Amino acid sequence: MSTTIIAKPLTKSEFAPYGTVIEPYGKDEATPENCFHINKGYACRHHAIAEASLDGGTVGMSIFRAKMRECPIALSVMEYHPFGSQAFFSMTGQDYIVIVAKAGEPPKSADDLTVFYAKSNQGVQYDPNVWHHPLLVLGSDADFLVVDRINGEGKNCYELEIGDWNVCVELESEQVAV
């Protein structure tokens, strides 16, 4: 028997237990301290939306080239990184799916997973130890800027195979990527 999970829209409040949504501050969040003009008024800085976290190593920037997934999407593996946060931001304008489970004990079933639909103008940063599925890109292959810990001591990626859970993700009709 398989389980189907419908992705819900990615919002800052819903995602907060797992990390940070990377997007400009909304009108209700912007203050003179976190949103201000720079470069003689030609740019507006949305300051400190997220802070990279790491234990040893250095913060690095990489590009992950993700292959498009067809819906329904069959899940295969969850992973977590104990020594640092990990941020993803689409560079090619593709929407994507974010699947998370709380930090700590490994998820035991589909009931432990939360699924979000991320728009191409939203990034995510997973807190250290938050379980997440690798990139699930919609529409076409896509490049992602990834900011995470590189070069440190110790194993920083643990995986849990979940393919035998038979979990699929589906989108609501208004979410289907073009």
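That block above? That's the structure.
For every chain, the first residue of the written sequence is number 1, and numbering continues from 1 onward in sequence order. Since the coordinates come from a predicted model, pLDDT governs what is reported: local features require at least 70, and pairs of side-chain atoms require 80 or more to be given and counted, while whole-chain, interface and lining totals use all residues. Computation of side-chain values covers all heavy atoms of the structure but excludes hydrogens and water.

A. Structural detail: the packing of aromatic side chains. Only the six-membered ring of Trp is used, alongside the rings of Phe and Tyr, when aromatic pairs are assigned; centres must lie within 6.5 Å, and planes under 30 degrees apart are stacked while those over 60 apart are edge-to-face, with the rest tilted. Summed over all chains, the structure comprises nine aromatic pairs. Measuring from ring centre to ring centre gives 6.0 Å for Phe15 and Tyr18, while their planes differ by 50 degrees; the resulting arrangement is tilted. With respect to class, Phe15 is no different from Tyr18; both count as buried. Here Tyr96 and Phe144 contribute two aromatic rings whose centre-to-centre distance is 5.0 Å and whose plane-to-plane angle is 85 degrees, an arrangement assigned as edge-to-face. One end of the pair, Tyr96, is in strand 10 (residues 96–101); the other, Phe144, is in strand 15 (residues 142–150), with 48 residues separating them in the sequence. Accessibility classification places Tyr96 together with Phe144 in one group, the buried group. Ring-pair connections join several aromatic residues into one group, and the members of that group are Phe15, Tyr18, Phe64, Phe88, Phe116 and Tyr126. Residue exposure (1.4 Å probe, protein chains only): buried if accessible area is under 20% of the type maximum, exposed if over 50%, otherwise partly exposed. Strands are runs of DSSP state E lasting at least two residues, helices are runs of H or I lasting at least four, and both sets are numbered from the N terminus onward.

B. The sheet that holds strand 6 (residues 58–66), seen in detail. Any two strands are treated as partners once DSSP identifies two or more bridges connecting them. Read across the open sheet, the five strands follow the order 3-12-9-15-6; overall the sheet is antiparallel. A strand with exactly one partner marks an edge of an open sheet, and here the two such strands are strand 3 (19–22) and strand 6. Here the average twist between neighbouring strands, direction ignored, is 15 degrees. Across five bridges, the pairing between strand 9 (residues 86–90) and strand 15 is antiparallel. Following the sheet pairing, Phe88 is matched in strand 15 by Val146. To get an axis, a line is fitted to the C-alpha atoms, and for a helix only the part in contact is used. The angle between two axes follows their N-to-C directions and goes from 0 to 180 degrees.

C. Quick peek at the sheet that holds strand 7 (residues 73–74). Within the open sheet, the three strands sit side by side as 1-17-7. Their pairing is mixed. With one partner strand each, in any of the chains shown, strand 1 (3–6) and strand 7 form the two edges of the open sheet.

D. Quick peek at unusual backbone geometry. For the bond running from Cys71 to Pro72, omega is -5 degrees, close enough to zero to count as cis. Relative to the helices and strands, Pro72 resides in the loop between strand 6 and strand 7. Not every positive phi belongs to a glycine, and Asn129 is a case in point at roughly 75 degrees. As for its placement among the helices and strands, Asn129 is situated in the loop between strand 12 (123–126) and strand 13 (131–132).

E. Looking closely at the side chain of Glu79. Assignment of secondary structure puts Glu79 in strand 8 (residues 77–80). We note that Glu79 is buried and unpaired, the nearest opposite charge coming from Arg69 at a distance of 9.5 Å. For this analysis, a polar contact is any N or O atom pair within 3.5 Å, provided that within protein one partner can donate a hydrogen and the other can accept it, and provided that sequence-adjacent residues contribute only side-chain to side-chain pairs. One polar contact links Glu79 to His81, side chain to side chain, over a distance of 3.1 Å. Should any heavy atoms of two residues lie within 4.5 Å, those residues are considered in contact. In this view, Glu79 contacts Gln86, Val130, Trp131, His132, Pro134, Cys157, Tyr158 and Glu159; residues no more than four positions away in its chain are not counted. Charge counting treats Lys and Arg as positive and Asp and Glu as negative, with His and both chain ends excluded. Salt-bridge detection follows one rule: a side-chain nitrogen of Lys or Arg within 4 Å of a carboxyl oxygen of Asp or Glu.

F. Highlighting the nonpolar core. Residues grouped as a nonpolar core are buried Ala, Val, Leu, Ile, Met, Phe, Trp, Tyr and Cys residues, joined through side-chain atoms within 4.5 Å. Counting residues in hydrophobic clusters, the biggest one holds 21 residues, and the most contacted among them are Leu75, Ile97, Ile99, Leu113 and Val169. For this core, the secondary structure elements donating two or more residues are strand 8, strand 10, strand 11 (114–118) and strand 17 (167–170). It is strand 10 that provides the largest number of residues to this core, a total of three residues. Look past the residues within four positions of Val169 in its chain and what remains in contact with it is Ile5, Ala7, Pro72, Ile73, Leu75, Ile97, Ile99 and Val115. One finds Phe15, Val21, Tyr126 and Leu135 within the second-largest nonpolar core, a separate group that totals 19 residues.

G. Looking closely at a nonpolar patch on the surface. There is a patch of nonpolar side chains on the surface, built from Met61, Ile63, Met91 and Leu145 and spanning about 420 Å² of accessible area. Assessed through its relative accessible area of 66%, Met61 is described here as exposed. Residues qualify for a patch when their relative accessible area is over 30% and they have no salt bridge, like charges being joined within 9 Å and the nonpolar side chains of Val, Leu, Ile, Met, Phe, Trp and Tyr within 5 Å. All accessibility values rest on the Shrake-Rupley procedure with a 1.4 Å probe; residue burial counts only the protein chains present in the view.

Everything listed here is a matter of geometry and, on its own, says nothing about what the molecule does.
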